[in-house]
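Each chain, letter by letter, is given below.
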Amino acid sequence: MNSEDINIVPMEEKHIAALVELENICFSQPWTYQQLAEELDNHTAHFIVAEIGDNVVGYMGIFVVCESSYVSNIAVFPEYRRHGIGRKLLCEAVKMAVQMGAESLSLEVRPSNTPAVELYSSLGFEEVGLRKNFYRNPVEDGLIMTKTL
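Notes on the structure follow. (Residues numbered from 1 in each chain as written. Predicted model: local features only at pLDDT ≥ 70, side-chain atom pairs only at ≥ 80, totals over all residues. Heavy atoms only, no water.)

Quick notes on the pairing of strand 6 (residues 126–135)
Then, in step 1: Pairing geometry for strand 6 and strand 7 (residues 140–148), over six bridges, is antiparallel. Note on strand 7: the bridge partner recorded for Arg131 is Gly142.
Then, in step 2: A loop of four residues connects strand 6 with strand 7, the two strands running antiparallel in sequence, and Asn137 in this loop sits at a positive phi of about 55 degrees. (Pairing = 2+ DSSP bridges. Helix = DSSP H or I, 4+ residues; strand = E, 2+ residues; numbered from the N terminus.)

In structure tokens, the structure reads:
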């Protein structure tokens, strides 16, 4: 698999069942079908899906409000990790945020999620703070990382 095999498309209702499965695999507090479906009508939400052929392999969502943007979630199915999908999703999100006039893109990540922290750092995100006890199951702080656009 190479990066040309990965297509990034806007999230549609047809993707949501696969995204719920992905959420349940990746997160201790996963988004539900209804929560994801509601974002289709939210003008500040911009969700994109990574596909290889007809298979959903990952996705991410950002919210853009005025000059700020925020990554709400990013996930890649385990069997597709370490193939550049997360990087491609993040690069597309940065482009989207810039096009919408955002001056920064922020996110939270578990400090123990070393692969994610390394990916974000490699794309120019910098550690700017810590949210104490941000995550549940298990409880862990949330490392705040921001990229100036």
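From this point on, the discussion continues.
So, the pattern of salt bridges
Then, in step 1: Enumeration according to the criterion identifies four salt bridges in this entry.
Then, in step 2: One salt bridge in this structure joins Glu92 and Lys95, with 3.9 Å as the shortest N-O distance. Taken together, the positions of Glu92 and Lys95, both in helix 3 (residues 85–99) and three residues apart, correspond to about one turn of that helix.
Then, in step 3: Glu92 gets classed as partly exposed once you look at its relative accessible area, which sits at 26%. (Salt bridge = Lys/Arg side-chain N within 4 Å of Asp/Glu carboxyl O. Buried < 20%, exposed > 50% of the residue type's maximum accessible area, 1.4 Å probe, protein only.)

As for the nonpolar core
Then, in step 1: Of all hydrophobic cores here, the largest spans 46 residues; its most connected members are Met60, Ile62, Ile85 and Tyr120.
Then, in step 2: In contact with Tyr120, not counting residues within four places along its chain, are Ile74, Leu90, Leu107, Val109, Phe125 and Met145. (Core = buried A, V, L, I, M, F, W, Y, C linked by side-chain atoms within 4.5 Å. Contact = heavy atoms within 4.5 Å.)

Structural notes on the sheet that holds strand 1 (residues 6–10)
Then, in step 1: As summarised here, the arrangement of the seven strands in space is 1-2-3-4-5-7-6, forming an open sheet in which the pairing is mixed. Single-partner strands in this sheet number two, and they are strand 1 and strand 6. Strand-to-strand twist of the sheet, defined as the mean angle between neighbouring strand axes without regard to direction, takes the value 25 degrees.
Then, in step 2: In this sheet, strand 4 (residues 68–76) lies alongside strand 3 (residues 55–65) in antiparallel orientation, the contact comprising eight bridges. In the strand pairing of strand 4, Met60 is matched with Ile74.
Then, in step 3: Packing of helix 1 (residues 16–26) onto the sheet brings it into contact with strand 2 (45–52), strand 3 and strand 4, and relative to strand 3 it is tilted by some 85 degrees.
Then, in step 4: Each of strand 1, strand 2, strand 3, strand 4, strand 5 (104–109) and strand 7 touches helix 3; the most contacted strand, strand 3, lies at about 30 degrees to it. (Axes fitted to C-alpha atoms, helices over the stretch in contact; angles between N-to-C directions.)

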